[in-house]
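# Structural description and commentary
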Amino acid sequence: MDLDSGGVMSRKDFEEALSRAVAGEHLADTGTDPLDVVLRDVANSGPGSDARDDAIEVARLVFAQLDPATDDGIRWSKPACPSCGTEMNAEILSTSHGLKGSQRCPHCDLVLLIPDLFTT
């Protein structure tokens, strides 16, 4: 459930943790500081209060920002290979001039170096 280490807290797990916080049950750490903080805020707010309603709304907003399944309208697809159209993978290559960013096609093995924007 640790989002920072690549794991994902599912919506079901989040809803269960939120329900436990509302019920005042002992909360286990999710492994993600923002979620831990907002779930504790829910648990520490008074039952039926405006503060609890606000804390629940904030918890849902924080989860929505961290949830990789949330569609925020940002296109995440990789660039298409100019040769065959397959999505290319980003990789780091060791060259005679040091490490360089590149894009490699997993289908036809075409490699494109990404220009270094900080060179003059």
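A few words on the environment of Val-62. Take Val-62: it is sitting in helix H3 (residues 50-66). Assessed through its relative accessible area of 15%, Val-62 is described here as buried. A sequence separation of 24 residues divides Val-62 from Val-38, and the C-alpha atoms of the two residues are 7.8 Å apart. When residues no more than four places from it in sequence are discounted, the contact partners of Val-62 are Pro-34, Leu-35 and Val-38.

Attention now goes to unusual backbone geometry. Not every positive phi belongs to a glycine, and Asp-109 is a case in point at roughly 60°. Checked against the element boundaries, Asp-109 lands in the loop between strand S2 (98-104) and strand S3 (111-113). Looking at Asp-109, the relative accessible area reads 51%, which means it is exposed.

Here we take up the side chain of Ser-102. Here Ser-102 lies in strand S2. Those residues within four positions of Ser-102 in sequence are excluded, and the remaining contacts are Asn-89, Ala-90, Glu-91, Leu-93, Val-111, Leu-112, Leu-113 and Ile-114.

The antiparallel open sheet is built from three strands, whose spatial order is S1-S2-S3. Every other strand in the sheet has two partners, leaving strand S1 (89-95) and S3 as the edge strands with one partner each. Direction aside, the axes of adjacent strands within the sheet are offset by 40° on average. Sheet topology note: the S2/S3 ladder contains three bridges and is antiparallel. By the bridge assignment, Ser-102 is partnered in S3 with Leu-113.

Note on strand geometry: in a regular strand, side chains alternate between the two faces of the sheet. Bridging between S1 and S2 involves seven bridges; their strand directions are antiparallel. From the neighbouring strand, Asn-89 faces S2, where its bridge partner is Arg-104. The loop that links S1 with its antiparallel partner S2 comprises two residues.

Another aspect to go through is the packing of aromatic side chains. Enumeration over the complete set of coordinates arrives at one aromatic pair. When the ring of Phe-14 is compared with that of Phe-63, the centres are 4.4 Å apart and the planes differ by 10°; the resulting orientation is stacked. Within this pair, whereas Phe-14 is found in helix H1 (residues 11-23), its partner Phe-63 is found in helix H3, the two being separated by 49 residues in sequence. Accessibility assignment for this pair places Phe-14 and Phe-63 in one class, buried.

How each quantity is defined
Residues numbered from 1 in each chain as written. Predicted model: local features only at pLDDT ≥ 70, side-chain atom pairs only at ≥ 80, totals over all residues. Heavy atoms only, no water. Helix = DSSP H or I, 4+ residues; strand = E, 2+ residues; numbered from the N terminus. Buried < 20%, exposed > 50% of the residue type's maximum accessible area, 1.4 Å probe, protein only. Contact = heavy atoms within 4.5 Å. Pairing = 2+ DSSP bridges. Axes fitted to C-alpha atoms, helices over the stretch in contact; angles between N-to-C directions. Phe/Tyr/Trp six-rings, centres within 6.5 Å; stacked < 30°, edge-to-face > 60°.

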